[in-house]
Amino acid sequence: MKPTILLPLLIMTAPAAPAVYAQQADSRSPDQMLKATIDGVMEAIRSDPAARAGDPDRTYRIVEQRFLPSTDFMLTTRYAVGGAWAKATQAQREALFKQFQTLLARTYAIQLTQIQGQDTRFKYAPPAKVAAGALDAVVKTTVITAGDTMPIDYRMRKTDAGWKIYDINMMGAWMIQVYRQQFAAQLASGGIDGLIKYLAAHNEGS
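Residues numbered from 1 in each chain as written. Predicted model: local features only at pLDDT ≥ 70, side-chain atom pairs only at ≥ 80, totals over all residues. Heavy atoms only, no water.

Trainee: Which parts of the structure should I look at to understand the pairing of strand 2 (residues 136-145)?
Mentor: In terms of strand pairing, strand 1 (residues 120-124) meets strand 2 through five bridges, oriented antiparallel. Looking at strand 2, one finds that Y124 is bridged to T141. Inspection of the sheet shows strand 2 paired to strand 3 (residues 148-159) by 10 bridges, in the antiparallel sense. Counterpart to T141 in the pairing with strand 3 is I152. If you look at the hairpin formed by strand 2 and strand 3, you'll find two residues sitting between the two strands, and A146 has a positive phi there, around 50 degrees. (Pairing = 2+ DSSP bridges. Helix = DSSP H or I, 4+ residues; strand = E, 2+ residues; numbered from the N terminus.)

Trainee: What should I look at first to understand unusual backbone geometry in this one?
Mentor: Most peptide bonds adopt trans geometry, and most residues besides glycine take a negative phi value. The backbone phi angle of M171 is positive, close to 55 degrees, even though this residue is not glycine. Owing to a relative accessible area of 58%, M171 belongs among the exposed residues under this scheme. (Buried < 20%, exposed > 50% of the residue type's maximum accessible area, 1.4 Å probe, protein only.)

Trainee: Looking at this structure, I do not really get the pattern of salt bridges. What am I missing?
Mentor: A side chain of one charge can pair with a side chain of the opposite charge when the charged atoms of the two come close. Using the criterion set out here, one finds seven salt bridges in the structure. Here D48 and R58 are joined by a salt bridge, their closest N and O atoms 2.7 Å apart. Of this pair, D48 sits in the loop between helix 1 (30-46) and helix 2 (49-52) while R58 sits in helix 3 (residues 56-66); the two residues are 10 residues apart in sequence, bridging distant segments of the chain. Accessibility expressed as a relative area gives 13% for D48, which makes it buried. The partly exposed category is assigned to R58, whose relative accessible area is 30%. As a salt-bridge pair, R106 and D57 come within 3.0 Å of each other at their nearest N and O atoms. Pair noted here: R106 is in helix 5 (residues 90-114) and D57 is in helix 3, with a separation of 49 residues, a long-range link. Residue class for R106 comes out buried when judged on its relative accessible area of 8%. With relative accessibility at 48%, the residue D57 sits in the partly exposed group. (Salt bridge = Lys/Arg side-chain N within 4 Å of Asp/Glu carboxyl O.)

Trainee: Looking at this model, I keep getting lost on helix 6 (residues 175-203). Mind explaining?
Mentor: A rise of 1.5 Å per residue sets the reference length of helix 6, with its 29 residues, at 42 Å; its end C-alpha atoms lie only 18 Å apart and thus fall more than 12% short of the reference. For helix 6, the principal kink sits at G190 and spans about 120 degrees. Immediately beyond the C-terminal end of helix 6, within one or two residues, lies G205, with a positive phi of roughly 75 degrees. (Expected span 1.5 Å × (residues − 1). Bend = angle between axes of the 7 residues up to and from the residue.)

Trainee: Hey, could you run me through the packing of helix 4 (residues 73-81) against helix 5 in this one?
Mentor: Two quantities define a packed helix pair, namely the angle between the axes and the distance from one axis to the other. At a closest axis distance of 9 Å, the pairing of helix 4 and helix 5 adopts a crossing angle of 105 degrees. The pairing of helix 4 with helix 5 is recorded here as roughly perpendicular in orientation. The segment helix 4 lies against helix 5, with F73, M74, T76, T77, A80 and V81 engaging L96, F97, F100, Q101 and L104. Residue composition of the contact of helix 4 with helix 5, grouped by class: eight nonpolar, three polar and no charged. (Axes fitted to C-alpha atoms, helices over the stretch in contact; angles between N-to-C directions. Parallel < 35°, antiparallel > 145°, perpendicular 65-115°, else oblique. Contact = heavy atoms within 4.5 Å. Nonpolar A, V, L, I, M, F, W, Y, C, P; charged D, E, K, R; others polar.)

Trainee: Would you take a moment to explain the packing of aromatic side chains for this structure?
Mentor: We describe a pair of aromatic rings using the distance from one ring centre to the other and the angle between the two ring planes. Counted according to the given criterion, the structure contains six aromatic pairs. Ring geometry for F67 and F73: centres 6.5 Å apart, planes at 50 degrees, overall tilted. Across this residue pair, the class does not change: F67 and F73 are buried. Centroid distance Y179 to F183: 5.7 Å. Interplanar angle 35 degrees. Geometry classified as tilted. Here Y179 pairs with F183, and both are found in helix 6, just four residues apart, close to one helical turn. Its relative accessible area of 1% is what places Y179 among the buried residues. Ring-pair connections join several aromatic residues into one group, and the members of that group are F67, F73 and Y108. Across the ring face of W174, the terminal group of R155 is positioned such that the distance to the ring centre comes to 4.5 Å. When the ring centre of Y166 is taken as reference, the NZ or CZ atom of R157 above it lies at 5.2 Å. (Phe/Tyr/Trp six-rings, centres within 6.5 Å; stacked < 30°, edge-to-face > 60°. Lys NZ or Arg CZ within 6 Å of the ring centre and 35° of its normal.)

Structure below.
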């Protein structure tokens, strides 16, 4: 079975994730940050009996604690919403971010539960040289499960708090591109408030 971490097409149910994280600046490189994040999540799951047994709620809590602080899903949301973002009020932007981050975090957690009990390994490509002053980088990885492999690329943005994940490429499709197409249809039919309601309905388990 192929691992499908952060599979963009899934819409799962989840409680709202916190929108703000207090962080100190992190001087690690993009590849160091990503490896520490993924390894930290997997270590926490393996050391937690409920998460190791496939409990989706406990796994979600670990994702919330160990994965979300390494992401910039506000940027992800802005890019996925596209031109409509400029027309949104601050309250609408915050609502979109809250619902979209919840969706992404829960999807990630669900996918992690599906690979528990398998011999899952994460292989990291040799780090690419990042030019001085660069604000964007791509880190390449491979997930190996039961003899199967899947390349997954992570796009990261340098922030005041360090490098953060904001887009993921699986099976040749970048997450933001996939969601932008989905969101465009919702925005065309219901506007910004319609998209917020659409996301909230899925997150509430309609």
